[in-house]
Amino acid sequence: MKKYTTPSILMLICSVLGIAFAAIYADETVVDDAFAWSDKRIVDAIQVKGNNTVQDSIILHALPYLVGDVFDPIKTRKAIHSLFALGHFENIRLYGKENGPNSLILIVEVTEKKRLKEVIIKGNCALTDKDIFKKIPFTTISSIMESELKRYAQKIKDMYHEKGYHDAIIDTRLDLDPEDNNKVTAVFTVHEGQKTVVKRISFEGNNSINDKELRATIITKEDWLLSFLDKSGTYHPGKTEADKYKIEDLYQNRGFLNARVTNVETDVDPETYHMHMIFTVDEGDQYYIGSIQAPGNDILPESVLLAAISIRTGDVYSREKLTAAIKRLETLWGDQGYIFAHINPSIELNKETRTIDIILYSDIGNPITLRKITIKGNKKTRDKVIRRVLALQEGTTITKRLMENSKNNVSALGYFDPAEGVQWKVIKQSEDTADLDLVVKEAKTGHLGFQLSYGGKESNKASPASGITMTGEFSDTNLFGYGTRINLALSWAKDDKSAQFHIAQPWLFDKPITGAFDLYHKRPSYSQLHHIKARAIHEKLTGGSLSFGYIIPPWVYMIHNMQLMAGLGIDNIKYETQPVIQEIVPRPDKNPDIVDCVLKSNILYQNLITNEFQTGLFTWLLFAAEQDVRNHPIHPSRGHRIRLASRVAVPSFDSPISFYTTELEAHWFTPLIGERDLVFHLHGFFGIAQPIGNRTIPYGKLFHIGGDATVRGYGFGDISPKFKAQGISDSIGAQKAFYVNAELVFPINPSMTMKGLLFYDGGAGWDNPYVPENAPPTFINNKFNYRHAVGFGLRILQPMPIRIDWGFKIDPAPGESSHQVHFGTSYDW
């Protein structure tokens with residue numbers, strides 16, 4: 001009888017375990033008994049059999065053995081696993097052949113899968129080949145076997161279920177290539193069947209909440225005219241459980257603690273496949289708040305805590321309101337520095353009175369001191385650019401309010417993704433200290449490209465540009481990660497040719513001091529003045545400016561993020577020729593008063609044009625105050641931006657130009673649905689521009705209300721003072737202007753690179769400085785005349801900024817177009 005030593009017994013156990021594990025991964029895995037449990041043997045050679053297309057070297061590389069290694073049956077499982085992981089084999093057999101008393105030859109015998117030549121899908125109408133290949137990446141599959149084919153068929157079937165085809169059948173087969181027996185074509189034959197459409201959803205047992213409100217709550221929706229847009233009418237069994245939860249959640253937020261959906265019945269017409277879904281509800285009793293307590297302490301007494309929440313005695317019990325109350329109290333304690341405060345609710349149910357008594361216990365812990373802040377995710381933006389806007393300082397007490405303010409300030413830089421681009425992570429270090437990680441996700445801040453637009457310059461309310469505008473631009477709001485803003489733009493239009501360079505640093509010398517430098521050369525052509533003899537007035541405006549400002553730090557209350565600015569600039573305006581009007585010739589047979597009026601109009605209009613188009617050099621001073629607390633510069637959803645600016649132009653040498661302007665502009669944003677799902681934006685502007693003494697103010701410095709930059713639905717200057725004769729009008733500019741824009745803005749895609757909006761615009765420009773009180777009737781709109789319009793628009797951010805607005809006048813005048821379409825570039829509030 002052969003005796004087995006302890007090592008031999010262990011070898012036997014390991015060999016059996018190895019064979020058992022290997023069997024999981026192979027249809028047939030054998031290790032020869034002659035050496036499976038014998039003493040250690042050396043692998044003299046490794047032989048590979050059965051492979052036709054997979055090279056020996058690939059198989060050998062996957063094995064945990066090398067020639068000369070000691071054979072270890074425990075490695076069998078790893079060997080089989082590694083070979084199957086290659087994805088090329090259907091069966092694997094691993095066995096050994098003795099090669100002397102202490103050695104063996106390891107043999108790996110494989111059966112290869114058939115190589116996948118192509119995939120053919122037949123009978124599919126509701127799903128395109130592209131839809132299926134997007135879900136199942138057949139192009140990356142090199143080989144296949146029958147069992148895998150069935151698995152892929154199930155995935156296609158699941159896709160049909162998502163579209164409401166619950167009777168879909170997918171037949172599969174593998175066709176051998178007649179020219180190469182190692183290649184197959186996978187064929188999926190689809191029998192779609194009839195689509196099940198949810199035509200009606202009704203409810204039983206719902207006495208307290210009507211069907212309409214319940215339908216609006218659940219995910220499944222009834223089929224309607226535009227179902228192809230929102231996929232309404234599609235039935236999916238997996239969503240029924242979610243529908244039941246939503247119904248029960250709604251009831252529990254109305255005080256029905258024990259409300260349950262007891263049954264969901266689906267009735268399908270066998271001929272039309274129209275489905276009627278019936279939800280049966282057991283409402284149970286409705287409960288009310290009996291008493292509400294929130295014990296406090298010397299820091300926040302109970303009266304303050306109770307005043308902060310919306311739950312009151314006698315209210316209908318709502319789990320949603322209770323959750324909101326808990327979060328509100330945790331935030332309240334967090335604002336006091338107890339950021340780890342936890343609210344433990346105690347709920348006592350009284351079935352007889354159908355009331356619930358609630359006690360909200362505050363476990364506040366200790367105030368938490370900030371040990372350090374670590375910024376993560378900023379590959380481009382320098383740490384100091386982020387740190388300088390944080391309201392939190394290391395070594396001070398952490399509060400929820402300071403964390404939220406800091407997050408908003410960083411988001412407002414505009415360098416990070418507006419949705420999830422700035423997040424705090426709190427790491428507790430001890431009972432009274434914690435670290436903060438500020439995790440950011442950077443967004444694109446630079447732009448280099450060519451733009452083609454139509455309809456004017458929406459960024460300049462005095463721009464006469466119309467028709468096609470071509471612009472080449474390089475810009476970055478975070479140059480090299482230092483927060484430096486740079487913009488170089490060249491544009492050409494029928495009425496305006498310009499070159500502009502702008503560079504600004506909001507934190508010069510790492511101090512809250514802003515600095516900006518501008519150079520520009522513009523050549524606008526005012527071709528919209530139809531009563532001028534020349535076809536257009538060609539202007540050359542060359543200038544530059546230097547400005548400095550001081551930013552009030554973000555931790556200063558009420559006036560935080562306010563910037564005080566002063567600027568100095570010089571402009572030189574020239575015209576190719578002094579403009580001369582096309583005089584209106586009165587008919588001699590007309591009434592003498594009419595003839596006199598026409599002659600007076602000619603003189604007055606020539607005098608006006610002469611004053612507004614004077615050549616001269618002037619220096620200007622700018623004083624401005626601006627507060628910007630929007631939560632994002634490109635995608636704002638809350639906050640405001642207010643700017644008050646005054647500019648005084650002083651003549652240089654014998655220049656006839658001298659004027660002052662004062663402008664007040666405000667934007668306000670607030671979310672109506674979600675944080676950015678529907679945002680209300682209100683914008684107001686008021687301005688005054690006036691010549692100083694007997695000097696003049698240029699045409700471009702007056703206000704021309706109407707157009708894409710002011711009141712949409714109107715042309716440039718349509719609701720400002722105009723000279724109108726022979727059915728043609730010229731905008732002549734206003735000293736005073738007011739307009740308002742109200743918008744409802746909503747994203748069209750999740751990335752918010754495309755948005756839609758509905759708007760109301762209204763305003764007026766009035767009081768031209770060169771039109772006297774007794775001016776002839778050819779001068780119109782010189783008095784305040786409020787006009788307004790409504791419309792809709794589209795904003796596209798990528799691949800280039802595009803603005804499209806279609807405005808409809810609310811009160812169109814006789815002979816006036818009822819609407820106006822505006823196209824333009826840039827995207828800024």
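Residues numbered from 1 in each chain as written. Predicted model: local features only at pLDDT ≥ 70, side-chain atom pairs only at ≥ 80, totals over all residues. Heavy atoms only, no water.

Chemist: How would you summarise the overall build of the protein if you had to cite specific residues and measurements?
Modeler: Looking only at helices and strands, the protein has 14 helices and 35 strands in total. For 829 residues, the compact-globule estimate of 2.2 N^0.38 gives 28 Å, and the protein exceeds it by more than 25% at 39 Å. Once the C-alpha set of the protein is aligned to its principal axes, its extents read approximately 140 × 80 × 70 Å. When contacts within the protein are restricted to residue pairs at least 6 apart in sequence, those whose partners lie at least 24 apart make up 62%. (Helix = DSSP H or I, 4+ residues; strand = E, 2+ residues; numbered from the N terminus. Rg over C-alpha atoms; globule rule 2.2 N^0.38 Å. Contact = heavy atoms within 4.5 Å.)

Chemist: Describe the side chain of T185, with residues and values.
Modeler: One can find T185 in strand β7 (residues 180-191). Contacts of T185, omitting those with residues within four sequence positions, involve K117, E118, I120, R173, L174 and D175.

Chemist: Hey, could you go over the sheet that holds strand β2 (residues 89-98) for me, with residue numbers and the actual values?
Modeler: As a general point, the strands of a sheet are linked pairwise by backbone hydrogen bonds and lie either parallel or antiparallel. Strand order in the open sheet made by the three strands is β1-β3-β2, with mixed pairing throughout. With partners counted over all chains shown, the strands left at the sheet margins are β1 (42-49) and β2, one partner each. Taken pair by pair, the neighbouring strands of this sheet meet at an average axis angle of 20°, ignoring direction. (Pairing = 2+ DSSP bridges. Axes fitted to C-alpha atoms, helices over the stretch in contact; angles between N-to-C directions.)

Chemist: How would you explain the environment of S346 if you had to name every residue and give the values?
Modeler: If you trace the backbone, S346 turns up in strand β12 (residues 342-350). On the accessibility criterion, S346 (30% relative accessible area) is partly exposed. Residues S346 and Q47, 299 residues apart in the sequence, show an inter-C-alpha distance of 72 Å. The residues touching S346, leaving out its near neighbours within four places in the chain, are D357, I358, I359 and Y361. (Buried < 20%, exposed > 50% of the residue type's maximum accessible area, 1.4 Å probe, protein only.)

Chemist: Requested: an account of the pairing of strand β29 (residues 728-731), with residues and values cited.
Modeler: Bridging between strand β28 (residues 722-725) and β29 involves four bridges; their strand directions are antiparallel. When the sheet's bridge partners are listed, K724 is paired in β29 with S729. A loop of two residues connects β28 with β29, the two strands running antiparallel in sequence, and Q726 in this loop sits at a positive phi of about 55°.

Chemist: An account of the packing of aromatic side chains is requested, with residue identities and associated values reported.
Modeler: Overall, the coordinates contain 24 aromatic pairs when judged by the stated rule. Their ring planes at 10° and their centres at 5.6 Å tell us that Y65 and F71 sit as a pair that is stacked. The pair formed by Y65 and F71 is uniform in burial state, with each residue classed as buried. Ring centres of F618 and F659 lie 5.7 Å apart, and the angle between their planes is 70°; this geometry places the pair in the edge-to-face category. Of the two residues, F618 sits in strand β24 (residues 616-628) while F659 sits in strand β26 (residues 659-673), which places them 41 residues apart along the sequence. Accessibility assignment for this pair places F618 and F659 in one class, buried. In textbook terms, an aromatic cluster arises when at least three aromatic residues are bridged by ring pairs, as seen for F133, F138, Y152 and F188. Positioned above the aromatic ring of Y95 is the side chain of R93, whose terminal nitrogen or guanidinium carbon lies 4.3 Å from the ring centre. (Phe/Tyr/Trp six-rings, centres within 6.5 Å; stacked < 30°, edge-to-face > 60°. Lys NZ or Arg CZ within 6 Å of the ring centre and 35° of its normal.)

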